[in-house]
Amino acid sequence: MGALRPWHIAVLVVVLILLFGAKRLPDAARSLGRSLRIIKAETKSLHDDDRDLAEKADAQAGYQPMPPQVQQGQPYPQQPSYPAPPQQQPVVDPVQRTRDN
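Positions within a chain are numbered from 1, following the residues in the order the chain's sequence is written. Where totals are concerned, whole chains, interfaces and linings use all residues; where local detail is concerned, this predicted model gives features only for residues with pLDDT of at least 70, and gives and counts side-chain atom pairs only at 80 or more. For the side-chain quantities, the full set of heavy atoms in the structure was used; hydrogens and water were omitted.

K.L.:
Sorry if this is basic, but what is going on with the pattern of salt bridges here?
P.N.:
Two side chains that carry opposite charge are able to pair once their charged atoms sit near each other. Salt bridge, as used here: a side-chain nitrogen of Lys or Arg that lies within 4 Å of a carboxyl oxygen of Asp or Glu. Per the counting criterion, the structure on display carries one salt bridge. We note a salt bridge from Arg30 to Asp27, for which the minimum N-O separation is 2.9 Å. Placement of the pair is Arg30 and Asp27 together in helix H2 (residues 24-61), with a separation of three residues, close to one helical turn. With a relative accessible area of 45%, Asp27 lands in the partly exposed category. Helix and strand labels come from DSSP, where a helix needs a run of H or I of at least four residues and a strand needs a run of E of at least two; each type is numbered from the N terminus. Exposure categories follow from relative accessible area, calculated using a 1.4 Å probe and restricted to protein chains: below 20% of the type maximum is buried, above 50% is exposed, and the middle band is partly exposed.

K.L.:
How should I be thinking about a nonpolar patch on the surface in this particular structure?
P.N.:
Taken together, the side chains of Trp7, Val11, Leu12, Val15, Leu16, Leu19 and Phe20 present a nonpolar region at the surface, about 700 Å² in accessible area. Structurally, Phe20 can be placed in helix H1 (residues 6-20). Classification of Phe20 by relative accessible area gives partly exposed; the value is 46%. Put simply, a patch holds well-exposed residues, over 30% relative accessible area, that have no salt bridge, with like charges counted together within 9 Å and Val, Leu, Ile, Met, Phe, Trp or Tyr side chains within 5 Å. Where accessible areas are quoted, they stem from the Shrake-Rupley method and a 1.4 Å probe; at the residue level, only the protein chains shown are allowed to cover.

K.L.:
Help me understand H1, please; the structure alone is not making it clear to me.
P.N.:
Since there are 3.6 residues in each turn of an α-helix, residues three or four apart along the chain are aligned in direction. The end-to-end C-alpha distance of H1, which contains 15 residues, comes to 21 Å, matching closely the 21 Å that a straight helix rising 1.5 Å per residue would cover. Phi turns positive one or two residues past the end of H1, at Gly21, with a value near 90 degrees. Each helix should span, by expectation, one fewer than its residue count multiplied by 1.5 Å.

Okay, structure coming up:
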């Protein structure tokens, strides 16, 4: 019942020739082959990108900073103090400033 027999293929070829014409079928097959080749190349590159990301993630997962060298009874070393960021003036709309005056 579900087997594909040679006469099924012959009927399919005849229907395709009637629908598209003998001149268009080679062009359609060629463009279908190009499309499949492009899809194959893109999926391969996506797979390679995923593998590269996984390798980078594995390399970063093993990274842990070294603990500070502290002896018994010694306090932890002081963290460097950074200067406070400069205070910014509030932004005033020039039109609003003229309306207020």
